[in-house]
Amino acid sequence: MAAKSPPDSTPRRPVLSVSARKIKDNAADWHNLMMKWERLNDNGFTTANKIVNMRISEQFQDNKLEIACDNSATEPEKPTPKYNEELDNCCAQLLETLKQMTKIQLKMEKLTSTTKAICDLETFHHGAGNCKAPFFHTWPTSYFYEVCLKLSEMYKKELQLKQTIVQDIAHCADQDVMLVYLSSWLYQPYIENSSMLLLEAMLLETGHRQC
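Residues numbered from 1 in each chain as written. Predicted model: local features only at pLDDT ≥ 70, side-chain atom pairs only at ≥ 80, totals over all residues. Heavy atoms only, no water.

Chemist: Hey, could you run me through the overall build of the protein in this one?
Modeler: What the protein contains, in helices and strands, is five helices and zero strands. Taken from N to C terminus, the helices and strands of the protein fall in the order α-α-α-α-α. Residue burial in the protein is summarised as follows: out of 211 residues, 33% are buried. Accessible area of the protein: about 14000 Å², with a carbon and sulfur share of 55%. (Helix = DSSP H or I, 4+ residues; strand = E, 2+ residues; numbered from the N terminus. Buried < 20%, exposed > 50% of the residue type's maximum accessible area, 1.4 Å probe, protein only. Areas by Shrake-Rupley, 256 points an atom, 1.4 Å probe, with all protein chains shown as cover.)

Take a look at the structure:
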């Protein structure tokens, strides 16, 4: 009589429901979008820094010319402003960066809407008052939506700030304001420090990160 093979002691991975798989995929998408945003933010800062340096240099040259005109006995005609091709190219690059960030923010809103739909579906199936086992470890489905909504609102406000910066940075005459624009672009005041903690917690909950 053949001996029975010992039972497999390897713990099997639980089979995720359709909703759980979607939430897990969404968490990975959040990670990818936030990393892309950071790369675009770095590229945009480099471009914006070039724009500000060129504008400050132009102002310096204009001031020198005004002083020379004041010291001259005759009053020469003011030269027409020169077309600055490099400045124009940098403005186009910054605008393109903003367009890419806008696409990312819209995708974040879509992820948030998808998560809300999953919450509504779970509520419909199980009822608002019934306590259902979490999809993964401890988070109820509604908490995934709360995190997504919080992140989405941060990036929406930050995008609105960046739109203002892109519209004004090449036309601003105040150096202090230009430097504030630069600092605001780099440090992203509307994206709170908690954003990365929320992302990492979501990745940990869904199994993308290990303890």
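Now, onward.
Chemist: What should I look at first to understand the nonpolar core in this one?
Modeler: One recurring pattern in soluble globular proteins: nonpolar side chains tend to sit buried together. Among the nonpolar cores identified, the biggest contains 46 residues, and Trp-30, Ile-169 and Met-202 are the most heavily contacted of them. Put simply, the parts of the chain that give this core at least two residues each are helix H1 (18-71), helix H2 (85-126), helix H3 (141-168), helix H4 (175-187) and helix H5 (194-205). If you tally residues by element for this core, the top one is H1, at 12 residues. With residues near it in sequence (within four places) discarded, Met-202 still touches Ala-27, Trp-30, Trp-139, Phe-144, Val-147, Cys-148 and Leu-151. (Core = buried A, V, L, I, M, F, W, Y, C linked by side-chain atoms within 4.5 Å. Contact = heavy atoms within 4.5 Å.)

Chemist: Which parts of the structure should I look at to understand the environment of Leu-199?
Modeler: With respect to the helices and strands, Leu-199 occurs in helix H5. Linking Leu-199 and Leu-151, residues 48 residues apart in sequence, is a C-alpha distance of 8.6 Å. Once residues within four sequence positions are removed from consideration, Leu-199 is found in contact with Ala-27, Trp-30, His-31, Met-34 and Met-35.

Chemist: Quick question: what am I supposed to make of the pattern of salt bridges here?
Modeler: Pairing is possible between side chains of opposite charge, provided their charged atoms come close. For the structure on display, the rule yields four salt bridges. Two residues, Lys-162 and Glu-158, come together in a salt bridge whose shortest N-O distance is 2.9 Å. Note that Lys-162 and Glu-158 are positioned in helix H3 at a spacing of four residues, about one turn of the helix. For the pair shown, Lys-162 and Glu-158 are each scored as buried. (Salt bridge = Lys/Arg side-chain N within 4 Å of Asp/Glu carboxyl O.)

Chemist: I keep staring at the packing of aromatic side chains and nothing clicks. Help me out?
Modeler: Counted by the stated rule, this structure contains four aromatic pairs. When the centroid spacing of 5.9 Å and the interplanar angle of 70° are considered together, the rings of Phe-136 and Phe-144 count as edge-to-face. With a centroid separation of 4.6 Å and an interplanar angle of 85°, the aromatic rings of Trp-139 and Tyr-143 are classed as edge-to-face. Chaining the aromatic ring pairs together yields one cluster made of Phe-136, Trp-139, Tyr-143 and Phe-144. Positioned above the aromatic ring of Tyr-145, the side-chain terminus of Lys-116 is 5.9 Å from the ring centre. Above the ring of Trp-185, the side-chain terminus of Lys-162 is found at 4.6 Å from the ring centroid. (Phe/Tyr/Trp six-rings, centres within 6.5 Å; stacked < 30°, edge-to-face > 60°. Lys NZ or Arg CZ within 6 Å of the ring centre and 35° of its normal.)

Chemist: Please clarify how a positive patch on the surface should be interpreted in this entry.
Modeler: There is a patch of like positive charges on the surface, built from Lys-36, Arg-39, Lys-99, Lys-103 and Lys-107. With three residues, H2 is the single largest residue contributor to the positive patch. Here Lys-107 lies in helix H2. Classification of Lys-107 as partly exposed rests on a relative accessible area of 47%. (Patch = residues over 30% accessible without salt bridge, like charges linked within 9 Å, V, L, I, M, F, W, Y side chains within 5 Å. Lys, Arg positive; Asp, Glu negative; His and termini not counted. Charge placed at Lys NZ, Arg CZ, Asp CG, Glu CD.)

Chemist: I tried to follow the confidence of the model for the protein on my own but got confused; where do I start?
Modeler: Low pLDDT means the predicted atomic positions in that stretch should not be read closely. Per-residue confidence for the protein gives a mean pLDDT of 85, with 77% of residues at or over 70. Low pLDDT (under 50) marks residues 9-13, which in the prediction has one contact with non-local residues, meaning those over four places away or in another chain. (pLDDT = per-residue confidence, 0-100.)

Chemist: Would you take a moment to explain the packing of H3 against H5 for this structure?
Modeler: For the pair H3 and H5, interaxial distance at closest approach is 11 Å and the crossing angle is 150°. Our classification of the angle between H3 and H5 gives roughly antiparallel. The interaxial crossing formed by H3 with H5 has left-handed handedness. Here Tyr-143, Phe-144, Val-147, Cys-148, Lys-150, Leu-151 and Met-154 of H3 lie close against H5, whose contacting residues are Ser-194, Ser-195, Leu-198, Met-202 and Glu-205. Residues belonging to the contact of H3 with H5 are distributed by class as follows: eight nonpolar, two polar and two charged. (Axes fitted to C-alpha atoms, helices over the stretch in contact; angles between N-to-C directions. Parallel < 35°, antiparallel > 145°, perpendicular 65-115°, else oblique. Left-handed = near helix turned anticlockwise from the far one by under 90°. Nonpolar A, V, L, I, M, F, W, Y, C, P; charged D, E, K, R; others polar.)

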